[in-house]
Amino acid sequence: MTLMNALAACCLVAAGVVTAAAVALPARRGVLLRAACGLSAAAGCTLLMDVIALLFGQGVDSVPAAVVHALGLAGAVALAGAASRGRAPAAPGPPGRWIAYVGVLSFLPYVAMKLNWALGGSFAGIDGTDVLEASERNGASRLWLTLERWGLDGTVLMALLGLLLLFCLIRPWGLRLPRWLPLTPALIGVGTLVPYGLLGLGYLVPVQLGVLRVRQGDFHSAGDVLWVAWIGYTAFAGYGLALLAATRWYWRRTRAGRATDGP
């Protein structure tokens, strides 16, 4: 079991202990449930990677770890609902236009970088051939490799679907869909991208300052790694926060039973 998977399992166990404490201590119920929700969300924060691997026929690295991730995110949703139970739902106003703008602008550099590689271009010291060879060495699925040979990148396709989901959550036509349909991928995205992106950006600061070192992997220098990492983590964090705002609005709007009108 890798360190990340071990930490996820520990977070899930801790969430269960804190939830039990919330049942035993009704006076502290709200605080303890919110703490358990955070721990459970931490356990599920890499579920999106498992989902992407399955979608592209690659399989997950560890089935038990994937189960822990799924249970963590499901537990976070249930605990968030339990923590807010009893509160009168406020009527939310229309979502700000900034939600869509932040999501799109955050992903543009990432999409441009990935498409450049998929089309054979060079960036950060490597070109499309290098990226394809790295994917083969890392055990990418046949579907993933085929897409790359066609000039497509699986992560770009997922990014475009993510932007479609973002607009679905804030536009009137999305309010007419079954509630679970946009909320399921939205909650997976929020639970994964927000902590992943923010923690990644936090890690890059001491690396950029020279306090920590970064693994070069398939790149030729640490500087090249930082270029790609800043673009990637900024995309995940920016889009994740925009998705969080849109999901929160959609959740409150549909929960209040006002799905007939919108912005």
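Scoring rules and cut-offs
- Throughout this document, residue positions are counted from 1 along each chain, in the order its sequence is written.
- Only residues with pLDDT of at least 70 are given local features in this predicted model, and only at 80 or more are side-chain atom pairs given and counted; all residues enter the totals for whole chains, interfaces and linings.
- The side-chain values count all of the structure's non-hydrogen atoms but skip hydrogen atoms and water molecules.
- Only DSSP runs of H or I covering at least 4 residues are called helices, and only runs of E covering at least 2 are called strands; the numbering of each starts at the N terminus.
- Helices are assigned an expected span. That span is 1.5 Å times one less than the residue count.
- Each residue gets one of three labels from its accessible area relative to the maximum for its type: buried under 20%, exposed over 50%, partly exposed in between, using a 1.4 Å probe on protein chains only.
- Aromatic rings from Phe, Tyr and Trp, with only the six-membered ring used for Trp, were paired whenever their centres fell within 6.5 Å, and each pair was classed as stacked if the ring planes differed by under 30 degrees, edge-to-face if by over 60, and tilted otherwise.
- Counting as a charge over the ring demands two things of the Lys NZ or Arg CZ atom: a distance within 6 Å of the ring centre and an angle within 35 degrees of the ring normal.
- Contact definition: two residues touch when any of their heavy atoms are within 4.5 Å.
- Working definition: a disulfide is two cysteine sulfur atoms within 2.5 Å of each other.
- Lines fitted to the C-alpha atoms define the axes, with helices restricted to the stretch that makes contact. Angles between their N-to-C directions range from 0 to 180 degrees.
- Reported orientations rely on four angle classes, namely roughly parallel under 35 degrees, roughly antiparallel over 145, roughly perpendicular from 65 to 115, and oblique for the rest.
- Crossings are assigned a handedness: left-handed for a near helix turned anticlockwise from the far helix by less than a right angle, right-handed for a clockwise turn.
- Charged residues are taken to be Asp, Glu, Lys and Arg, nonpolar residues to be Ala, Val, Leu, Ile, Met, Phe, Trp, Tyr, Cys and Pro, and polar residues to be all remaining types, Gly included.

*Asks:* I'd like a rundown of helix α8 (residues 154-170), residues and numbers included.
*Replies:* For α8, which comprises 17 residues, the first-to-last C-alpha distance of 25 Å matches the rise-based estimate of 24 Å (1.5 Å per residue) to within 8%. Listing the buried residues of α8 in full gives Gly154, Thr155, Val156, Ala159, Gly162, Leu163, Leu165, Leu166, Cys168, Leu169 and Ile170.

*Asks:* Could you give an account of the packing of aromatic side chains, naming the residues involved and the relevant values?
*Replies:* In the structure shown here, the tally under the stated rule is seven aromatic pairs. Ring centres of Trp117 and Phe123 lie 6.2 Å apart, and the angle between their planes is 55°; on these two criteria the pair is classed as tilted. Overall, the relative accessible area of 25% leaves Phe123 in the partly exposed class. Look at Tyr196 and Tyr233: their rings are 5.4 Å apart centre to centre, the planes differ by 50°, and that puts the pair in the tilted class. Residue Tyr196 is found in helix α10 (residues 180-208), and its partner Tyr233 is found in helix α11 (residues 222-255); the two are separated by 37 residues along the sequence. Taking relative accessible area as the criterion, Tyr196 reaches 31% and is therefore assigned partly exposed. An aromatic cluster is defined as three or more aromatic residues linked by ring pairs; in this entry it consists of Phe107, Tyr110, Tyr196, Tyr233, Phe236 and Tyr239. We note Arg179 situated over the ring of Trp251; from NZ or CZ to the ring centre the distance is 4.9 Å.

*Asks:* Please provide a residue-by-residue account of the environment of Val225, values included.
*Replies:* Tracing the backbone through its elements, the reader meets Val225 in helix α11. Along the primary structure Val225 and Tyr239 are separated by 14 residues, whereas in three dimensions their C-alpha atoms are 21 Å apart. Once residues within four sequence positions are removed from consideration, Val225 is found in contact with Val214, Arg215, Gln216 and Phe219.

*Asks:* Outline the state of the cysteines, listing residues and values.
*Replies:* In the structure shown here, the tally under the stated rule is zero disulfides. Lacking any disulfide linkage, Cys37 is separated from the closest cysteine sulfur, that of Cys11, by 12 Å.

*Asks:* Could you give me a rundown of the packing of α8 against α10, with the residues and numbers involved?
*Replies:* At a minimum axis distance of 10 Å, the contact between α8 and α10 shows a crossing angle of 130°. When the interaxial angle is binned, α8 and α10 end up oblique. The way α8 lies across α10 gives a crossing that is left-handed. Residues Leu165, Cys168 and Leu169 of α8 lie in contact with α10, whose contacting residues are Pro182, Pro185 and Ala186. Here the contact of α8 with α10 is built from residues that sort into six nonpolar, no polar and no charged.

*Asks:* Summarise unusual backbone geometry; cite the residues concerned and give the values.
*Replies:* Residue Ala124 is not a glycine yet carries a positive backbone phi of 55°. Mapped onto the elements of the fold, Ala124 is located in the loop between β1 (122-123) and β2 (126-127). Note on Ala124: relative accessible area 11%, which makes it buried.

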